[in-house]
Amino acid sequence: MNRLKPLNCNIILMQCMAGKSRRVLILKLAVLLMVGLIGGKATAQMAPVSGVTNAPKASAPPDDGQWSMAPKNYAQTRYSELDQINSNNVAGLQVAFTFSLGVDRGQEAAPLVVNNTMYVVTAFPNFLYALDLTKPGAPMKWEYQPMPEAASQGVACCDVVNRGAVYWDGKVIINTLDGNTIAVNAKTGKEIWKTKLADINRGETITMAPIVVKGKVLVGNSGGEMGVRGWLTALDVTSGKIVWKAYSTGPDADVLIGPDFHPFYAKDRGKDLGVKSWPPDAWKIGGGTVWGWIAYDPDLNLIYYGTGNPGPWNADQRPGDNKWTCGIFARNADTGAAKWYYQMFPHDEHDYDGVNEEILLNMRVDGQERKVLVHPDRDGYIYVIDRTNGQVLSAETYGYVNSTKGVDLKTGEIILNPAKRTKLGQTVKDICPTASGEKDWEPSAFSPKTGLMYIPHENICMDSEDTEVNYIAGTPYVGADVRMKAGPGGNRGVVTAWDPAKHRPVWELKEDLPVWSGALVTAGDIVFYGTMEGWFKAVDAHTGALKWEFKTGSGIIGQPIAYKGPDGREYVAVLSGVGGWAGAVVAGNLDPQDPTAALGFAGAVPDLKKKTTAGGALYVFALPKA
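Keep in mind that this is a model prediction, so the values were computed, not measured.

A.B. asks: When you look at the overall build of the protein chain in this model, what are you seeing that I'm missing?
C.D. replies: In terms of regular secondary structure, the protein chain is built from five helices and 39 strands. In terms of C-alpha radius of gyration, the protein chain reaches 23 Å, essentially the compact-globule figure of 25 Å for 626 residues. Once the C-alpha set of the protein chain is aligned to its principal axes, its extents read approximately 75 × 55 × 50 Å. Here the protein chain holds 626 residues, and the buried ones make up 64% of them. Long-range pairs, those at least 24 residues apart, make up 63% of the contacts in the protein chain between residues at least 6 apart in sequence. Summed over its atoms, the accessible surface of the protein chain is roughly 21,500 Å², and 53% of this surface lies on carbon and sulfur atoms.

Now the structure itself:
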């Protein structure tokens with residue numbers, strides 16, 4: 001990927017034709033050249049014309065100033081229409097209040113704000129707090145302690161994280177690490193219902209943020225490194241009873257594949273591929289977990305989500321395409337029946353889970369208005385897919401990729417690089433991206449004002465050697481020896497502003513450590529994100545220029561949000577607390593000198609303990625009162 005993009009001078013030329021003075025044009029050009037060069041961290045070009053690409057209104061309704069689900073809306077834009085905080089005044093942001101979470105582990109959740117109350121769920125033991133925003137300092141209204149089984153910590157592959165809650169019709173709904181989904185009364189904190197979904201004795205946990213669609217709570221499992229079988233379950237939001245369950249592997253009846261299933265590509269057609277594409281019975285322990293993000297298009301009545309890696313990582317032990325792992329499903333929201341599926345990475349060798357976000361957009365493609373989803377995958381490609389039928393319209397790399405050589409849009413097949421195929425008993429060096437991908441779970445944001453996606457990701461490669469592994473329920477089922485390292489250039493983190501219509505980056509920021517936090521973009525044209533050192537940053541949405549930063553007490557891997565307070569002011573909130581897979585060296589107090597620790601991630605961040613410490617706190621920021 002080119003790191004320095006040419007300036008877009010079309011606007012300047014039009015100003016020349018309109019009779020602007022030469023002096024003014026020189027000044028404007030000088031400003032453009034300076035943007036991103038001061039400090040040597042960003043490259044920039046002009047943003048596309050506003051309004052060309054937008055999220056569908058049904059999936060992204062007008063902003064009411066609240067934040068009721070982790071991705072903000074069904075389109076997963078993570079965009080706030082609030083604009084009090086902007087590039088002219090963001091430098092004045094101050095701490096409005098803080099709140100200690102009482103848990104010093106990786107804090108990946110997005111806070112919720114509904115009816116002047118903030119709801120925060122922590123990493124294990126998954127405390128749920130309600131804070132009163134109408135009072136100074138936002139004192140606690142109530143606390144709910146779900147008391148998950150302590151043994152669940154031992155089967156969580158990549159820290160004991162939780163990615164957030166959802167508010168629906170007077171209820172706050174959370175998942176717990178030990179596999180329960182729980183609805184709590186939003187006013188009192190009293191438990192309404194509790195449904196056991198996962199079995200920790202088989203290695204199943206739940207870390208994802210639930211979402212509610214048409215009165216159904218959608219929940220998937222974690223545990224792809226433990227030899228579990230992936231699934232997505234829909235629960236009745238009133239009672240907690242299971243309405244439908246769709247597995248990611250196995251016979252069509254289990255995967256909810258029926259007569260309405262019409263994949264766009266021939267490679268995804270056939271009967272019982274969830275069995276036939278595996279060795280005998282391997283699909284029963286084959287992974288494909290659903291621990292990421294779910295989008296919903298009310299106009300099409302379809303939900304969209306990705307499935308995780310197949311197990312074990314040693315691909316020689318599972319010949320075949322290993323359906324339906326490392327792909328995207330579109331399903332009927334009422335019944336769960338599959339509509340279409342696209343597999344990004346058949347027979348995955350590198351742990352390239354397909355669970356990352358699908359941002360729903362309507363945009364012009366080759367002169368035609370298309371309903372698309374945009375999916376920045378772990379394999380390093382940004383897929384633009386027609387969300388009505390599963391056709392891949394484009395697939396471009398957004399970082400350094402050498403494990404593959406492109407995507408054939410006619411067949412939908414990814415083109416593998418034979419030199420980077422993993423092998424039993426032989427170390428294959430410098431596979432890029434690494435097992436955690438060009439981007440892991442950390443979600444992107446999209447602004448309809450700029451037409452750009454803001455992608456937090458990483459720049460890490462790996463050396464990998466396959467090993468023999470046997471399945472034992474509830475124990476690691478990996479079969480690989482991995483050592484991660486910084487990618488080309490030495491920086492381990494990146495934030496990229498991406499134009500999904502033109503399939504190219506507009507600006508890029510390099511960070512020393514992997515960027516493991518989510519992104520937030522606002523109508524004030526500010527992008528917020530956090531670093532693993534603990535810096536919470538605000539940058540210009542058009543140029544990437546740094547406008548403000550604040551050092552929190554621990555590394556940030558949470559999801560920032562913006563909301564309107566009861567006083568009418570705009571606030572920005574984020575959780576601080578290093579951890580997750582990238583921060584497990586600190587959160588789990590691992591030996592940074594062991595490059596294989598944390599499934600190899602310790603090799604990429606051996607210096608993390610020198611840059612941050614464990615923590616767990618909520619930080620809320622606002623401009624000074626007028």
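Next, the rest of the story.
A.B. asks: What is the right way to read unusual backbone geometry from this model?
C.D. replies: As a rule of thumb, non-glycine residues mostly have phi less than zero, and peptide bonds are mostly trans rather than cis. With an omega of 0°, the peptide bond between Gly-311 and Pro-312 qualifies as cis. If you trace the backbone, Pro-312 turns up in the loop between β17 (302–306) and β18 (327–332). You will see that Asp-525, though not glycine, has its phi angle at about 60°, which is positive. Tracing the backbone shows Asp-525 in the loop between β33 (520–522) and β34 (526–530). Residue class for Asp-525 comes out buried when judged on its relative accessible area of 13%.

A.B. asks: Honestly, the sheet that holds strand β26 (residues 428–431) in this entry has me stumped. Any pointers?
C.D. replies: Sheets are built from strands that pair by backbone hydrogen bonding, the pairs being arranged parallel or antiparallel. With antiparallel pairing, the three strands of this open sheet are ordered in space as β26-β29-β30. Two strands in the sheet have a free side with no partner beyond their single neighbour: β26 and β30 (480–486). Between one strand axis and the next, the sheet turns by 20° as a mean value, whatever way the strands run. As paired strands, strand β29 (residues 460–466) and β30 are joined by seven bridges and run antiparallel to one another. By the bridge assignment, Ile-460 is partnered in β30 with Ala-486.

A.B. asks: What exactly am I supposed to notice about the side chain of Thr-117 here?
C.D. replies: Its place among the elements puts Thr-117 in strand β5 (residues 117–121). Among the residues examined, Thr-117 registers a relative accessible area of 3% and is labelled buried. When sequence neighbours within four positions are dropped, the list of residues in contact with Thr-117 reads Leu-112, Ala-130, Leu-131, Leu-133 and Lys-141.

A.B. asks: Got a minute to help me understand the sheet that holds strand β16 (residues 294–297) in this structure?
C.D. replies: Pairing is antiparallel across the open sheet formed by four strands, whose spatial order is β16-β17-β18-β19. Of all strands in the sheet, those with a lone pairing partner are β16 and β19 (338–343), marking the two edges. Averaged over neighbouring strand pairs, the angle between their axes works out to 15° when direction is ignored. Where β17 lies against β18, five bridges are found, and the strand directions are antiparallel. Note on β18: the bridge partner recorded for Ile-303 is Arg-331.

A.B. asks: Could you clarify how one ought to interpret the environment of Val-160 in this entry?
C.D. replies: Locating Val-160 in the fold gives a position in the loop between β7 (140–144) and β8 (166–168). Overall, the relative accessible area of 3% leaves Val-160 in the buried class. On a C-alpha basis, the gap between Val-160 and Thr-205 in space is 9.3 Å, while along the polypeptide they are 45 residues apart. Not counting chain neighbours up to four residues away, the residues in contact with Val-160 comprise Arg-105, Ala-123, Phe-124, Gln-153 and Leu-177.

Definitions and cut-offs
Residues numbered from 1 in each chain as written. Predicted model: local features only at pLDDT ≥ 70, side-chain atom pairs only at ≥ 80, totals over all residues. Heavy atoms only, no water. Helix = DSSP H or I, 4+ residues; strand = E, 2+ residues; numbered from the N terminus. Rg over C-alpha atoms; globule rule 2.2 N^0.38 Å. Buried < 20%, exposed > 50% of the residue type's maximum accessible area, 1.4 Å probe, protein only. Contact = heavy atoms within 4.5 Å. Areas by Shrake-Rupley, 256 points an atom, 1.4 Å probe, with all protein chains shown as cover. Pairing = 2+ DSSP bridges. Axes fitted to C-alpha atoms, helices over the stretch in contact; angles between N-to-C directions.

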